[in-house]
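Structural overview for review
So the chains spell out like this:
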Amino acid sequence: MRGAGAPHPRTSEPENPVLVVGDLVVEHRNRSTGEVFRAVDHVSLSIAPGASVAVVGESGSGKTTLAMAATGLGARGTGDIRLLGHSLSTIGRRELRRLRPEVQVVFQDPHGSLDPRQSVRSGLRELRALQPRRTSWIEDAELLGRVRLAPEILDRYPHQLSGGQAQRVCIARALLMRPRLIVADEPTSGLDVSVQADVLALLQEIRASTGAALLMISHDLAVVRSLCAEVHVMYRGQVVEAGPCEQVFVAPVHEYTRELLAAMPGARWRSRR
Ligand SMILES: Nc1ncnc2c1ncn2[C@@H]1O[C@H](COP(=O)(O)OP(=O)(O)O)[C@@H](O)[C@H]1O
Ligand SMILES: [Mg+2]
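A quick note: this is a predicted structure, and the numbers were derived from the prediction, not measured. (Residues numbered from 1 in each chain as written. Chains lettered and ligands numbered in written order. Predicted model: local features only at pLDDT ≥ 70, side-chain atom pairs only at ≥ 80, totals over all residues. Heavy atoms only, no water.)

**Overview of the nonpolar core**
Judged by nonpolar contacts, the single largest core of 49 residues is most densely connected at I171, M216, V231 and F249. The next biggest cluster of nonpolar side chains, apart from the first, holds 32 residues, and it includes A51, V53, L66 and L99. (Core = buried A, V, L, I, M, F, W, Y, C linked by side-chain atoms within 4.5 Å. Buried < 20%, exposed > 50% of the residue type's maximum accessible area, 1.4 Å probe, protein only.)

Laid out in structure tokens, this is it:
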């Protein structure tokens, strides 16, 4: 839900979910064997404007496939996906292109997301050239300030950035577009433990200050708990349990969720509240 001071939504129906996934099935075909693997198996979820929703599950459970299909960036599969009020099965290319800036993805490997031949400044310049009006709200230095990077970073190339700095640059690039939905796919898995919490806090802060919704993909329950209000637990392509974090983590119903919780160090979940 939007707070009273949040910016006005740009649609006529402000409380419509930013993303609705209905009964999504996505299959991958192995190129060499021709075998079909169902990576996402009848998944449904909905994300309200400004909400923070997590998808958690072990590696290979289908989280990335789900995120890519839901944002129209990967294999589509079958099922209904409504992204910012548009059905992905009927949307035209031009319309989809118009939606693109409103949905930003932050990936696990920040260096892989940045062009190694571009300084941070020229990378931002390129984004601005693509979306001049959309990006004119903030100057480069101030933008970097929002992700707590010094302006000197503007003249650096990706290889001159630490993992944490590079991920902050990726977050700044996403923020520049004033997205309504930020999808973060394991955004701290490739980073030093020492900077992980800061990057997560930053994502949360950006969500809160911009009114963007956050879809957080993670295999790490601690990450999800610190960041999200609602969680979907994925196991072998299916959502086996979903609900408010408090409920799912304190009184898990599904055996797999219990196993995930039991695998966490300490009994922090119960003792914190
Ligand atoms: N392009 C692809 N072609 C074939 N199989 C894939 C492809 N992408 C993912 N898979 C398979 O689909 C399953 C789910 O993968 P993924 O969505 O990446 O899971 P997660 O993000 O939870 O680790 C895995 O078994 C993976 O090997
Ligand atoms: Mg993944």
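Here the narrative resumes.
**Comments concerning the sheet that holds strand β6 (residues 103-106)**
One open sheet holds the six strands; their spatial order is β6-β7-β8-β3-β9-β10, and the pairing between them is mixed. Strand pairing shows two members of the sheet lacking a second neighbour, β6 and β10 (238-244), which therefore form its edges. Neighbour-to-neighbour, the strand axes of this sheet turn through a mean angle of 15°, independent of strand direction. Here strand β7 (residues 181-185) pairs with strand β8 (residues 213-218) via five bridges, running parallel. Counterpart to D185 in the pairing with β8 is I217. (Pairing = 2+ DSSP bridges. Helix = DSSP H or I, 4+ residues; strand = E, 2+ residues; numbered from the N terminus. Axes fitted to C-alpha atoms, helices over the stretch in contact; angles between N-to-C directions.)

**Some words on the pairing of strand β3 (residues 52-56)**
A large share of β3 lies buried, amounting to five of its five residues. The pairing of β3 with β8 spans five bridges and is classified as parallel. Considered in β8, the bridge of S52 is made with L214. One ladder, built from four bridges, connects β3 with strand β9 (residues 230-235); its direction is parallel. Looking at the pairing, V56 lines up with V233 of β9.

**Some details on the side chain of S218**
Among the secondary structure elements, S218 is positioned in strand β8. The class of S218 is buried, set by a relative accessible area of 3%. Within the structure, the side chain of S218 is placed 2.9 Å from the backbone nitrogen of D220, a separation counted as a polar contact. (Polar contact = N/O pair within 3.5 Å; in protein donor to acceptor, adjacent residues only side chain to side chain.)

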